[in-house]
Amino acid sequence: MKITKGTETRAQLYMLDEQLNSIPLSMRVSTLAMRSLYAEASVGSGSETAVKAAKLRDDTRQYAMIYIKGVLPLSISLVRSIREFFEYYEIWDWEEWEERLPEIIEEVKGYKLCCMEVVKMHEQIMGPLKRRQDEAKVLVKELTELSAEYEGKRVDLERSANSKYWWAIGLAFVPEVNLIASHILATGAETPLSKSIAKGAECKVYDSAAIVVDKTLIPALSAFIDGLTAIAGFFYVTEQEMGSFQSKGDRAIEFKKMLHYKMVRDKANSIRNNCQKFCAMIPGVRTDLLCIPNSGTDDTNVDLWLKNQREEFQKKYGAADKGPKKTFMSYLTSDGAKQLMLELIGLQMAADGSSRLFSNSCI
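Report follows, based on the coordinates. (Residues numbered from 1 in each chain as written. Predicted model: local features only at pLDDT ≥ 70, side-chain atom pairs only at ≥ 80, totals over all residues. Heavy atoms only, no water.)

### A look at the overall build of the protein
As a reminder, the rule being used: Helix and strand definitions follow DSSP, with helices as H or I runs of at least four residues and strands as E runs of at least two, each counted in order from the N terminus. Every accessible area reported is derived by Shrake-Rupley at a probe size of 1.4 Å, with residue values counting cover from the shown protein chains alone.
A tally of helices and strands in the protein yields 13 helices and 0 strands. Helices and strands in the protein line up, N terminus first, as α-α-α-α-α-α-α-α-α-α-α-α-α. When the accessible surface of the protein is totalled, it reaches about 16800 Å², and 51% of it is carbon and sulfur.

Laid out in structure tokens, this is it:
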């Protein structure tokens with residue numbers, strides 16, 4: 001079958017919709033995993049393996065905090081941009097959409113660049129975190145009791161469900177956190193996995209930090225990156241396709257434009273609903289972050305990392321004085337990232353009809 005721009009766009013739309021349905025859970029599980037590293041039972045005491053587990057946790061922390069305080073807000077802004085893009089196809093009729101096409105094309109170009117930058121940032125952070133995963137694999141082998149518990153749960157899970165979120169099982173070993181994860185998975189129609197994780201409350205396994213890093217944190221982040229890559233891929237294909245819409249009066253081009261408009265419009269409601277599910281996870285994500293003890297060097301490391309990213313972005317793209325690139329630049333500071341999170345939480349609370357404010361404590 002010949003691959004045309006129309007079939008490629010359709011494929012990208014379905015892939016985007018599927019990934020947007022998955023990434024809210026992978027985002028929340030990744031922040032729960034980081035939170036679980038500081039739960040009471042995640043690191044034992046007194047033994048040599050406990051010392052190694054504590055070191056693994058603290059070595060993971062530096063890059064994980066850069067991720068959740070710097071990269072994650074930027075990732076969330078991309079999902080918001082997807083939602084806004086698809087609103088064009090629901091709000092505007094064909095004539096108005098066609099009239100505004102030049103400005104839409106400029107926005108798509110900006111979104112594509114920002115997506116590529118965020119994916120690159122994720123990959124930069126994942127390098128050091130995967131090295132921690134290698135250390136965790138070695139440590140898990142030393143923890144024979146933990147290894148046996150994990151393998152037993154994994155086998156039980158495989159018997160009960162073929163879940164694509166299998167990596168969440170690592171949270172079963174962390175009291176309290178496992179109950180939160182169980183509830184989230186249950187609301188996402190992952191009931192067998194939810195029940196398996198909830199049963200972890202009966203286990204009292206210490207030194208679970210290693211299993212969380214190896215089996216949950218890194219796989220959840222990898223799944224999240226896959227979702228962001230799908231967003232970048234969609235904007236790349238859309239930019240290429242829209243670039244061919246510039247000529248006027250050509251009947252073949254007019255047909256392609258109409259086909260594009262109808263395909264995207266037909267999928268717009270589903271994709272926007274999945275974006276809303278993603279936004280609904282943001283208050284819980286912030287709660288996880290507030291539950292992680294703050295180190296004196298965390299903010300300094302995040303500030304330095306964001307400053308380097310901002311300078312690199314400016315070198316590549318110039319002043320970025322308008323559009324998505326300008327917005328993206330404004331989030332490449334600690335204050336900008338924090339403001340974005342608070343803004344999105346406020347929007348979500350308004351959408352939920354809630355007036356409850358979040359305090360700066362673990363709730």
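### So, the pattern of salt bridges
Applicable threshold: Between Lys or Arg on one side and Asp or Glu on the other, a salt bridge is scored when a side-chain nitrogen of the former is within 4 Å of a carboxyl oxygen of the latter. The buried label goes to any residue with under 20% of its type's maximum accessible area, the exposed label to any with over 50%, and the partly exposed label to all in between, with areas taken from a 1.4 Å probe on protein chains only.
For the structure on display, the rule yields 17 salt bridges. The shortest N-O distance in the salt bridge between E98 and K257 comes to 3.0 Å. Of this pair, E98 sits in helix α3 (residues 94-99) while K257 sits in helix α9 (residues 251-280), placing them 159 residues apart in sequence. Among the residues examined, K257 registers a relative accessible area of 3% and is labelled buried. In this structure, the salt-bridge partner of E117 is K120, at a minimum N-O distance of 3.2 Å. Of this pair, E117 and K120 both sit in helix α4 (residues 101-142), separated by 3 residues, roughly a single helical turn. Taking the relative accessible area as the measure of exposure, E117 reaches 4% and is therefore buried. Three or more residues joined by partner-sharing salt bridges are found here, namely R28, R35 and D288.

### Quick word on the nonpolar core
Nonpolar side chains in soluble globular proteins tend to be buried together. Basically, it comes down to this: Put simply, a nonpolar core is a bunch of buried Ala, Val, Leu, Ile, Met, Phe, Trp, Tyr and Cys residues held in one set by side-chain atoms that sit within 4.5 Å of each other.
If you look at the biggest cluster of nonpolar residues, it comprises 89 residues, and the most contacted ones within it are I82, F85, F86, W97 and M242. By residue number, the principal contributor to this core is helix α2 (residues 48-91), which donates 18 residues.

### Some words on α4
Counted only if it meets this: Under the convention used throughout, the expected extent of a helix is 1.5 Å for every residue step, that is, one less than its residue count. One axis fitted to the seven residues ending at a residue, another fitted to the seven starting there: the angle between these axes is the bend at that residue.
Under the 1.5 Å per step criterion, the end-to-end length of α4 is 60 Å for 42 residues, consistent within 8% with the ideal 62 Å. Of all bends in α4, the biggest is about 30 degrees, found at G127, and the proline P128 comes one to four residues later.

### Observations concerning the packing of aromatic side chains
Cut-off, in case you're wondering: Any two rings among Phe, Tyr and Trp, with Trp reduced to its six-membered ring, count as a pair given centres within 6.5 Å; such a pair is stacked if its planes are under 30 degrees apart, edge-to-face if over 60, and tilted if neither.
Enumeration according to the criterion identifies 16 aromatic pairs in this entry. Measuring from ring centre to ring centre gives 5.3 Å for F85 and F86, while their planes differ by 85 degrees; the resulting arrangement is edge-to-face. As far as burial versus exposure is concerned, F85 and F86 are alike and both buried. Relative to Y261, the ring of Y89 lies with its centre 6.0 Å away and its plane at 35 degrees, an arrangement referred to as tilted. Linking Y89 in helix α2 with Y261 in helix α9, this pair joins segments that are 172 residues apart in sequence. Each member of the pair, Y89 as well as Y261, is classed as buried.

### Structural notes on the packing of α4 against helix α11 (residues 298-317)
Worth spelling out the cut-off: Simply put, an axis is a line fit to the C-alpha atoms, just over the touching stretch for a helix, and the angle between two N-to-C directions goes from 0 to 180 degrees. Any angle that is under 35 degrees is reported as roughly parallel, and any over 145 degrees as roughly antiparallel; angles of 65 to 115 degrees are reported as roughly perpendicular and all others as oblique. Left-handed describes a crossing whose near helix is turned anticlockwise from the far helix through less than a right angle; right-handed describes the clockwise counterpart. By definition, residues are in contact when any of their heavy atoms lie within 4.5 Å. In the scheme used here, Gly and all other residues not listed as nonpolar or charged are polar, with Ala, Val, Leu, Ile, Met, Phe, Trp, Tyr, Cys and Pro taken as nonpolar and Asp, Glu, Lys and Arg as charged.
The geometry of α4 relative to α11 is characterised by a closest axis approach of 12 Å and an angle of 140 degrees between their N-to-C directions. By the angle between their axes, α4 is oblique relative to α11. Of the two possible hands of crossing, α4 and α11 adopt the one that is right-handed. Here L113, E117, K120, M121, Q124 and I125 of α4 come into contact with α11, specifically with W305, Q309, E312, F313, K316 and Y317. Classifying every residue of the contact of α4 with α11 by side-chain character gives 6 nonpolar, 2 polar and 4 charged.

### Some details on the environment of M242
With respect to the secondary-structure elements, M242 resides in helix α8 (residues 209-243). For M242, a relative accessible area of 0% corresponds to the buried category. Separated by 15 residues in sequence, M242 and K257 place their C-alpha atoms 8.0 Å apart. Contacts of M242, omitting those with residues within four sequence positions, involve F85, Y89, W97, L101, I104, I105, V108 and H260.

### Some remarks on the environment of V119
Here V119 shows up in helix α4. When its relative accessible area of 11% is taken as the criterion, V119 is described as buried. A sequence separation of 106 residues divides V119 from I225, and the C-alpha atoms of the two residues are 6.7 Å apart. When near neighbours in sequence (up to four residues on either side) are disregarded, V119 contacts L228, T229 and A232.

That's the geometry; what it means functionally is another story.
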